[in-house]
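Next come the chains, spelled out residue by residue.
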Amino acid sequence: MKKTVILILLVLTTKGYSQFAKNMFSKDPIINLENWQKQRLYFGYYLGFNSFDFKFDYKNPVPVPPGADIQVKKTTGFNVGVVADLRLQEYINLRFEPGLYYTKRDLYFPNIELKNEYLREVSSTYIHFPLLLKFSSLRTGNIRPYLVGGMSTTLNLSSNSKSKDDNFEGKFRVKPWTAAYELGFGIDIFSEYFIFSPSIRGMFGITDELIRDNPANGPSQWTDNIDSMKSRAILINFTFH
């Protein structure tokens, strides 16, 4: 019985894959959703992953040996959001992709010897507002590559910006609002019922996020030598229209 079920599943899977390959990669594919992107406005949603980092600039040069500057341990976060796509021209679209992004970074301060003080965990829950231009190529069958770029602003719900405590009390603070520019590429894959668009983008912060420690507490080993701290990220999204 089990062998029969497995055999049926294999046949169905093979048949489905063959049909998909025929529709997507044959010389004369069946054109799916031919007029979909001729709409003036359409919507979708996305799910994805992210990897956030920090770029530090220092007031005074840090020592040369590797690891002497602030080290960032990155983790993989997740993204979820919606898409509004406005057709400006046959090959150019304006996209608004608000979403919720969660990420976590660990900062290691090598100049601090106390065991409980050299590590700061920075967990961030972002509401992300990117406004992007999408530049599409000619459609080939059911595939259409594109480039995307633009500006974004982000609200950090976990910034601790209103906290009066600072690193002397174990509280790492960042500004709630930041700005960045984004560049990436992706591909629209037209299936029979929807458009699947995997994409990858780089996000590069242009505003300093750090809130310095309170001067009243004395010299700070955590923030005094930091001239600027900006987020960088790799964003991988899977969009469905």
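Within each chain, residue numbers correspond to sequence positions counted from 1 in written order. Whole-chain, interface and lining totals are the exception, using all residues; otherwise, since this is a predicted model, local features are given only for residues with pLDDT of at least 70 and side-chain atom pairs are given and counted only at 80 or more. Hydrogen atoms and water are omitted, and side-chain values are computed over all heavy atoms in the structure.

K.L.:
I'd like to hear about the overall build of the chain, residue by residue, with values.
P.N.:
Along its length, the chain carries one helix and ten strands. Throughout this description, buried means an accessible area under 20% of the type-specific maximum (1.4 Å probe, protein chains only), exposed means over 50%, and partly exposed covers the range between. When each of the 241 residues of the chain is scored for burial, the buried share is 37%. Contacts between residues were defined by any pair of non-hydrogen atoms, one from each residue, lying within 4.5 Å. Considering only contacts within the chain whose residues lie at least 6 apart along the sequence, 70% involve residues at least 24 apart. The protein chains shown are the only cover counted for residues, whose accessible areas, like all others here, come from Shrake-Rupley with a 1.4 Å probe. When the accessible surface of the chain is summed, it comes to about 14,000 Å², and 64% of that surface belongs to carbon and sulfur atoms. Strands are runs of DSSP state E lasting at least two residues, helices are runs of H or I lasting at least four, and both sets are numbered from the N terminus onward.

K.L.:
Go over the pattern of salt bridges with me, naming the residues and quoting the values.
P.N.:
The salt bridge definition used is simple: a Lys or Arg side-chain nitrogen within 4 Å of an Asp or Glu carboxyl oxygen. This structure, assessed with the given rule, holds nine salt bridges. One salt bridge connects Lys134 with Asp188, and the closest N-O pair in it is separated by 2.7 Å. Placement of the pair is Lys134 in strand E6 (residues 119–136) and Asp188 in strand E8 (residues 177–190), with a sequence separation of 54 residues. Accessibility expressed as a relative area gives 1% for Asp188, which makes it buried.

K.L.:
Can you tell me about the pairing of strand E5 (residues 99–108), naming the residues and giving the values?
P.N.:
We call two strands paired when DSSP finds no fewer than two bridges between them. One ladder, built from four bridges, connects strand E2 (residues 71–74) with E5; its direction is antiparallel. Following the sheet pairing, Lys73 is matched in E5 by Asp106. Sheet analysis places strand E3 (residues 76–89) next to E5, joined by four bridges and oriented antiparallel. Its bridge partner being in E5, Val80 is matched across the sheet by Leu100. In the sheet, E5 pairs with E6 via ten bridges, with the strands oriented antiparallel. Opposite Asp106, over in E6, you have Glu121 as the bridge partner.

K.L.:
So what's going on with unusual backbone geometry? Residues and values would help.
P.N.:
Even without being a glycine, Asn160 presents a positive backbone phi close to 60 degrees. Its place among the elements puts Asn160 in the loop between strand E7 (143–156) and E8.

K.L.:
Describe the nonpolar core, with residues and values.
P.N.:
Counting residues in hydrophobic clusters, the biggest one holds 13 residues, and the most contacted among them are Phe56, Leu107, Phe109, Phe172 and Met229. The residues contacting Phe56, other than those within four sequence positions of it, are Ile70, Val72, Leu107, Ile226, Ser228 and Met229. Joining through side-chain atoms within 4.5 Å is the link that ties buried Ala, Val, Leu, Ile, Met, Phe, Trp, Tyr and Cys residues into a set, and such a set is a nonpolar core. If you look at the next biggest cluster of nonpolar residues, it comprises nine residues, including Tyr46, Phe52, Tyr101 and Met203.

K.L.:
Account for a nonpolar patch on the surface, with residues named and values stated.
P.N.:
Residues enter patches when their relative accessible area tops 30% and they take part in no salt bridge; the joining distance is 9 Å for like charges and 5 Å for the nonpolar side chains Val, Leu, Ile, Met, Phe, Trp and Tyr. A cluster of nonpolar side chains, contributed by Phe49, Leu88, Leu133, Phe135, Leu147, Phe185, Ile200, Ile234, Ile236 and Phe238, occupies part of the molecular surface with about 880 Å² of accessible area. Among the elements of the structure, E6 and strand E10 (226–240) are those that each provide at least two residues to the nonpolar patch. No other element matches the three residues that E10 contributes to the nonpolar patch. In this structure, Phe49 sits in strand E1 (residues 41–58). Phe49 sits in the partly exposed class, given a relative accessible area of 46%.

K.L.:
If you had to explain the side chain of Asn50 to someone new, which residues and values would you point to?
P.N.:
On the secondary structure map, Asn50 appears in strand E1. Taking relative accessible area as the criterion, Asn50 reaches 3% and is therefore assigned buried. Polar contacts, as used here, are pairs of N or O atoms within 3.5 Å; protein pairs need one atom able to donate a hydrogen and one able to accept it. Residues neighboring in sequence count only if both atoms are side-chain atoms. Only 3.4 Å separates the side chain of Asn50 from the side chain of Thr103, close enough to count as a polar contact.

K.L.:
Account for the packing of aromatic side chains, with residues named and values stated.
P.N.:
Side-chain rings of Phe, Tyr and Trp (the six-membered ring for Trp) are treated as a pair once their centres are within 6.5 Å; stacked means planes under 30 degrees apart, edge-to-face means over 60, and tilted covers the remaining angles. Throughout the structure, instances matching the rule amount to twelve aromatic pairs. Connected via pairs of aromatic rings, a cluster forms that spans Tyr45, Phe194, Phe196, Phe238 and Phe240. Either the NZ atom of lysine or the CZ atom of arginine qualifies as a charge over a ring when it sits within 6 Å of the ring centre and within 35 degrees of the ring normal. For the cation-ring pair, Lys134 lies above Tyr146, with the distance from its terminal atom to the ring centre recorded as 4.5 Å. The ring of Phe190 has Arg139 lying over it, and the distance from NZ or CZ to the ring centre is 3.7 Å.

K.L.:
Would you mind going over the pairing of E10 in detail, with residue names and values included?
P.N.:
Bridging between E1 and E10 involves 14 bridges; their strand directions are antiparallel. Along E10, the bridge assignment pairs Tyr46 with Thr239.

K.L.:
Which residues make up the environment of Phe49, and what values go with them?
P.N.:
Separated by 52 residues in sequence, Phe49 and Tyr101 place their C-alpha atoms 8.6 Å apart. If we skip the residues at most four places from it in the chain, Phe49 touches Thr76, Gly77, Phe78, Asn79, Ile234, Leu235, Ile236 and Phe238.

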